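# Report on the structure
Take a look at the letters that make up each chain.
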Amino acid sequence: MHYEHENPETLHVNTLPSRAYFIPFSNEQTALSGEREISDRMTLLNGDWDFAYFPSYAVMPDTIEYTDTIAVPSVWQLKGYDQNQYTNVRYPFPYDPPYVPAENPAGAYRRTFSLEKREGFRYQLHFEGVDSCLYLTVNGTYAGFTQVSHSTSAFDLTDLLISGENTLEVLVLKWCFGSYLEDQDKFRMSGIFRDVYLLERAGARVEDFTVRTTLNADGAEVSVALETVGGAVDPLLTLYAPDGSLIARQRASEGTALPVRSPMLWTAETPVLYTLVIQTEDEVIAQKVGIREICVENGVVLLNGSPVKFHGVNRHDSDPKTGFIISQEQLIRDLQVMKQHNINAIRTSHYPNAPWMPELCDRYGMYLISESDVESHGVVMLYADHGMNLKQRFSLIARDPMFEEAIADRVRLNVQRDRNHACIVMWSLGNEAGFGPAFEKAGRWVKAYDPTRLCHYEGAYYAQEDCDTSMLDITSRMYPPLTDIIDYFENKRDQRPLVLCEYIHAMGNGPGDAQNYQELIERYPGFCGGFVWEFCDHAIDGGHTADGRQIYHYGGDSGEALHDGNFCVDGLVSPDRKPHTGMLEYRNVIRPLCARISETDGSSISLTNRMDFLAADEFAGLRYELVQNGKIIQEGSLALPHILPHQSAQLRMPFDVPSEGAVLVNLFYHTLADQPLVPKGHLLGFDQLTLREGRVMPALPKRQESALTLEETKTRISLLGDGFHYSFSKITGLFDSLIVENREMLVAPMAWNIWRAPTDNDQYISVEWVKAGYNEAQTRVLKASAVERNGAVVITAEIALAAVFRERIATIHACFTVNRRGEISSELTVQKNGDMPFLPRFGVRFFLPKACDQAEYYGYGPTESYEDKHYATRLGLFKTTAAENYADTIMPQENGSHYRCDYVTVTNAQGGGLCVLSETPFSMNLSPYTQEELTAKRHNYELEESDYTVLCADYRLSGIGSNSCGPELLPEYRLDETDFRFSFQILPVL
Ligand code: GAL
Ligand code: MG
């Protein structure tokens with residue numbers, strides 16, 4: 001039995017020194033294809049391997065019987081072994097380093113392959129990713145051990161392999177010493193999860209190389225530092241231009257610096273790549289080269305001398321069916337979704353991705369913060385704190401000599417492997433692992449080894465006074481409130497640029513505060529941007545329900561005892577990469593063009609190009625719509641002027657602004673030409689400018705006036721007109737029946753409404769809401785009476801809302817006037833108890849007939865919108881249905897509201913229904929589900945539709961924010977007024 005996996009002194013046994021990633025080819029033509037699978041020097045060993053699973057390494061038999069087969073790559077939890085488990089911070093095993101549980105699940109893999117050994121060549125076996133560690137046996141002989149799940153490990157097997165049949169046995173353990181440094185917020189999965197291959201290497205060869213590019217007065221220089229082994233080689237270096245033409249060819253002995261005149265520079269907006277070919281007698285290596293320079297000057301991050309902003313996301317390797325296994329096609333799809341939503345940067349949270357990932361980012365144009373496989377977050381959950389503050393507790397492992405070499409090793413493995421990629425602009429030392437000598441050393445090593453990039457580590461936030469963080473080029477924070485950012489730049493205690501390596505937590509319905517952060521990113525030159533947490537929801541495919549609904553499992557759904565619920569479901573896209581409304585929001589918040597009115601008559605707009613490198617007319621076109629009272633009265637396209645990056649220009653609008661009604665201009669920006677992942681005509685974003693304020697009212701036929709009769713009993717007030725019969729309940733203080741032309745509009749009584757199904761971002765405040773009884777408020781009508789006035793009936797009522805055992809939440813003074821056409825005007829004056837938390841919402845709820853589910857509204861749409869999350873939407877006249885209006889999240893919650901509505905009409909297929917409109921814009925929600933149902937259910941596939949169509953009309957609905965991990969909802973987005981008025985009308989629609 002081997003116990004290297006619990007020994008901090010044996011991180012690796014017999015592995016080759018780590019090197020830059022490349023695949024050798026036997027000739028230039030195949031090397032230039034960039035497709036490694038066609039290299040005759042690479043034998044991919046993916047496929048079905050013999051397999052045996054043992055729940056406990058400690059009691060594994062000496063002789064393994066391989067009873068099963070398993071796919072390589074895969075994770076065994078998704079192949080029917082072991083158990084799925086999602087935990088965030090807490091270690092899923094006792095904290096007792098360097099030991100891990102004896103009951104350590106083990107997967108034994110075996111495969112044979114045949115080889116024709118060639119004299120003088122070396123044979124190297126490469127593993128690109130194995131979680132958590134492996135023992136390798138070759139033809140029955142123990143060959144070595146390695147760990148660090150997300151880094152490449154290689155073994156030279158030349159002396160163990162024979163010509164003919166060879167057998168590889170790989171024993172993978174679920175936990176090892178390294179697991180203490182892999183406490184990332186993720187499903188914990190195990191196995192050989194990335195490619196495995198054998199490389200045939202020439203004896204005398206280029207073993208490793210570093211490409212650097214520098215800009216100078218003459219253009220640029222591509223320099224290559226070569227490391228050769230196995231004998232004398234004088235590599236031939238060739239540099240090809242992006243169009244394939246030859247730029248330089250020379251022997252390394254003649255010099256390894258290749259000058260490039262008038263270089264085309266690489267940026268995410270202009271991902272032009274040169275090709276370097278390194279040729280020795282027996283091998284050819286091709287490397288794409290992006291010429292670019294990144295640095296910090298005067299506290300500003302500059303790329304090729306120009307300020308650059310990162311509109312980033314954090315991305316984990318994850319897929320609902322395959323777990324950690326990501327194919328190139330899947331990654332390209334992710335990059336496509338990102339590019340189509342204006343995202344230009346990825347933080348590889350929280351470990352290096354597959355080695356070909358930076359190649360694709362070079363090709364498609366995506367900046368990377370490349371992160372080392374280090375996280376030890378779980379130390380903050382230990383029982384005893386020994387009087388330590390959070391900084392000290394967080395840094396327990398970072399300050400422990402036992403981990404020093406392991407941390408350094410992981411940082412080196414990341415930087416060494418990926419250092420030849422233009423896309424990588426920052427190295428990250430890891431995530432949430434505190435700070436201490438280990439990180440000082442690792443950071444200093446990074447700066448010495450690769451001074452051409454920035455060094456990043458958010459964990460420096462936990463540095464104590466005795467620590468040196470000067471090797472970090474940038475200050476990194478996660479989820480700070482806006483005030484911290486303002487303080488950072490206004491008080492300049494630190495001159496370094498600021499990046500938010502995580503912000504606007506995209507869990508569930510959210511994030512709500514993207515625009516607020518974006519304003520600061522634009523305000524401060526030193527604020528180089530942020531990375532949304534996170535790109536995708538993580539969940540496990542659980543098949544479908546009988547009625548065909550997709551089932552996704554999150555923490556706890558696999559029966560695991562320790563888990564963190566749905567905290568893994570916090571992405572901008574669903575597990576199968578469907579953009580959530582948060583993604584649409586982010587796309588428009590970071591749109592590359594931005595307009596505002598520059599002349600008061602609205603005839604001219606000022607357009608700003610927010611790209612960092614391309615001029616506006618190089619990438620975008622504009623389509624405008626002039627809209628009056630919700631109807632397009634003129635539209636057309638405009639060519640954009642040559643607006644340089646970060647510059648603005650005036651644009652004269654080809655129309656006169658009508659002098660009546662609500663007038664808006666919508667400006668849609670779209671791509672001019674096909675790009676590899678973004679088609680021509682793709683919407684990059686839009687602006688809506690208000691040229692004339694005004695309310696938009698529905699065109700409803702006026703009903704005939706008729707005489708009204710009023711009847712009153714102890715419990716109700718009845719109103720009878722020609723063709724309508726209304727009943728007002730003295731128990732609820734609202735109407736409980738509205739019959740128009742013999743059709744009941746209220747299939748259940750109207751209700752006062754202060755609750756909403758808590759969003760993930762409400763998870764902290766909703767505890768207070770429940771304490772205050774907002775979820776179970778009862779209505780008590782204190783007074784209600786009706787009088788006839790000028791042919792109309794005026795009902796006044798005083799209503800109290802309160803929950804059992806708690807004091808009053810609100811007092812409502814209501815006045816409902818019903819006129820001779822059957823139109824109801826409601827005037828509410830509300831006093832809210834100032835001692836209680838802000839309200840989720842305030843309004844009324846209608847339970848309409850199920851068939852009454854077609855809506856038309858004038859408000860922010862077509863997707864859901866909130867006070868602080870409406871930048872993906874615009875004011876307009878929209879049609880929807882209760883079903884279409886539902887915005888799906890795996891964990892049910894408030895969704896589908898529309899901010900700033902003038903009216904909403906809800907009708908059945910025959911056009912009968914009701915209309916709610918207001919003098920002052922209100923929030924509207926139409927749903928097939930009740931908020932109680934959305935509150936109660938834990939998964940979307942469990943939702944049961946209401947028997948009614950539920951319509952909410954709210955004075956206000958509190959904003960969304962991102963408090964699931966970020967700061968509290970900003971005060972301006974809270975419904976916290978203690979005195980307010982809400983007036984609205986209810987009109988029958990025939
Ligand atoms: C951060 C962490 C991420 C993730 C996020 C919450 O603290 O770095 O890995 O856990 O919080 O979703
Ligand atoms: Mg963490």
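Further up the page is the structure itself.
Let us look at the structure shown here. Counting from 1, residues in each chain are numbered in the order their sequence is written. Lettering for chains starts from A, numbering for ligands starts from 1, and both go in the order in which the items are written. For a predicted model such as this one, the threshold for reporting local features is a pLDDT of at least 70, and the threshold for listing and counting side-chain atom pairs is 80 or more; totals across whole chains, interfaces and linings nevertheless cover every residue. In computing side-chain values, all of the structure's heavy atoms are included and hydrogens and water are not.

Omega for the peptide link from Val-72 to Pro-73 comes to 0°, which places this bond in the cis form. Positionally, Pro-73 belongs in the loop between strand 3 (68-72) and strand 4 (86-87). Even without glycine at this site, Asn-139 takes up a positive phi of about 45°. By the element assignment, Asn-139 lies in the loop between strand 8 (133-138) and strand 9 (141-147). We note that Phe-805 has phi near 60°; this positive angle belongs to a residue other than glycine. Position of Phe-805 relative to the elements: it lies in the loop between strand 49 (792-802) and strand 50 (808-818). Segments assigned H or I by DSSP are reported as helices when at least four residues long, segments assigned E as strands when at least two residues long, and all are numbered from the N terminus.

If a single non-hydrogen atom of a residue is within 4 Å of a molecule or strand, that residue counts as near it. Close contacts around ligand 1 come from 13 residues, with Asp-185, His-350, Glu-432, Glu-502 and His-505 the closest. Pairs of N or O atoms within 3.5 Å make up the polar contacts considered here, provided that, within protein, one atom can donate a hydrogen while the other can accept it, and that residues adjacent in sequence are counted only when both atoms are side-chain atoms. One nitrogen or oxygen atom from the side chain of Asn-431 is found 3.0 Å from an oxygen atom belonging to ligand 1. Between Asp-570 and ligand 1, the recorded distance is 3.0 Å, taken from a side-chain N or O atom to an oxygen atom. Method for areas: the Shrake-Rupley scheme with a 1.4 Å probe, in which residue coverage is limited to the protein chains shown. For ligand 1, the protein covers 95% of the area, taking 300 Å² as the surface of the free molecule.

Strands qualify as paired when DSSP identifies two bridges or more between them. An order of 29-28-27-26-25-32-31-30 is seen for the eight strands of this open sheet, with the pairing classed as parallel. Sheet topology places strand 29 (454-456) and strand 30 (475-478) at the edges, where each strand pairs with a single neighbour. Put simply, the sheet's adjacent strands are angled 25° from each other on average, direction ignored. Sheet topology places strand 26 (residues 345-347) next to strand 27 (residues 367-371); three bridges connect them, and they run parallel. To define axes, lines are fitted to C-alpha atoms, for helices over the stretch in contact only, and angles between the resulting N-to-C directions are given on a 0 to 180 degree scale.

It is worth spelling out the coordination of the magnesium ion (ligand 2) at this point. Coordinating N, O and S atoms are those within 2.8 Å of the metal (3.2 Å for Na, K and Ca), and as water is not part of the atoms, a site may appear to have fewer donors than expected. At the metal site, the magnesium ion (ligand 2) is ligated by Glu-375 (OE), His-377 (ND1) and Glu-432 (OE), and these contacts range over 2.1 to 2.2 Å. Mapped onto the sequence, the donors of the magnesium ion (ligand 2) take the spacing E-x1-H-x54-E. Remark: Glu-432 occurs in the loop between strand 28 (424-428) and helix 6 (437-449) and Glu-375 occurs in the loop between strand 27 and helix 4 (390-394); sequence separation between them is 57 residues. Since its relative accessible area comes to 0%, Glu-375 is described here as buried. Each residue's exposure class comes from its accessible area (1.4 Å probe, protein chains only) as a fraction of the maximum for that residue type: buried when under 20%, exposed when over 50%, partly exposed otherwise.

Aromatic rings from Phe, Tyr and Trp, with only the six-membered ring used for Trp, were paired whenever their centres fell within 6.5 Å, and each pair was classed as stacked if the ring planes differed by under 30 degrees, edge-to-face if by over 60, and tilted otherwise. Under the counting rule described, the total for this entry stands at 53 aromatic pairs. Centroid distance Trp-49 to Tyr-109: 6.4 Å. Interplanar angle 80°. Geometry classified as edge-to-face. One end of the pair, Trp-49, is in strand 2 (residues 47-54); the other, Tyr-109, is in strand 5 (residues 106-115), and 60 residues separate them in sequence. Take Trp-49: its relative accessible area is 0%, and that puts it in the buried class. Here Tyr-461 and Tyr-462 contribute two aromatic rings whose centre-to-centre distance is 5.3 Å and whose plane-to-plane angle is 90°, an arrangement assigned as edge-to-face. Residue class for Tyr-461 comes out partly exposed when judged on its relative accessible area of 40%. A relative accessible area of 13% places Tyr-462 in the buried class. An aromatic cluster is present here, built from Tyr-91, Phe-93, Tyr-95, Trp-175, Phe-177, Tyr-180 and Phe-403 joined pairwise through their rings. Lysine NZ or arginine CZ positioned within 6 Å of the ring centre and within 35 degrees of the ring normal marks a charge as sitting over the ring. The ring of Phe-22 carries Arg-19 above its face, with NZ or CZ at 3.9 Å from the centroid. Here the guanidinium or amino end of Arg-806 rests over the ring plane of Phe-805, the centre of that ring lying 3.8 Å away.

If you look at the biggest cluster of nonpolar residues, it comprises 100 residues, and the most contacted ones within it are Phe-310, Val-313, Leu-335, Tyr-367, Phe-439, Phe-527 and Tyr-586. Those residues in contact with Tyr-586, other than ones at most four positions away along the chain, are His-311, Gly-312, Val-313, Ile-343, Tyr-503, Ile-504, Gly-530, Val-532 and Leu-572. Counting residues in each nonpolar core, the second largest holds 66 residues, with Phe-724, Val-793, Leu-801 and Val-916 among its members. Within this scheme, the nonpolar core is defined by two criteria: the residues are buried Ala, Val, Leu, Ile, Met, Phe, Trp, Tyr or Cys, and they are joined through side-chain atoms within 4.5 Å. Residue contacts are defined here by distance: any two heavy atoms, one from each residue, within 4.5 Å place the two residues in contact.

With that settled, the discussion passes to the sheet that holds strand 18 (residues 246-251). Reading across from one edge, 18-17-20-21 is the order of the four strands in this open sheet, with antiparallel pairing throughout. Since the sheet does not close on itself, it has two edges, and those belong to strand 18 and strand 21 (284-289), each with one partner. Looking at each pair of strands side by side, their axes are set apart by 15° on average, direction ignored. For strand 17 (residues 236-240) and strand 18, the ladder comprises five bridges, and the chain directions are antiparallel. By the bridge assignment for strand 18, Leu-237 is matched with Gln-250.

Attention now goes to the pattern of salt bridges. Salt bridges are identified by distance alone: a Lys or Arg side-chain nitrogen within 4 Å of an Asp or Glu carboxyl oxygen. Summed over all chains, the structure comprises 64 salt bridges. Note that Arg-453 and Asp-450 form a salt bridge whose closest N and O atoms lie 2.6 Å from each other. Owing to a relative accessible area of 5%, Arg-453 belongs among the buried residues under this scheme. As a salt-bridge pair, Arg-956 and Glu-867 come within 2.6 Å of each other at their nearest N and O atoms. On the criterion of sequence distance, the pair formed by Arg-956 in strand 57 (residues 948-957) and Glu-867 in the loop between strand 53 (854-861) and strand 54 (874-881) is long-range, its members being 89 residues apart. Taking the relative accessible area as the measure of exposure, Glu-867 reaches 15% and is therefore buried.

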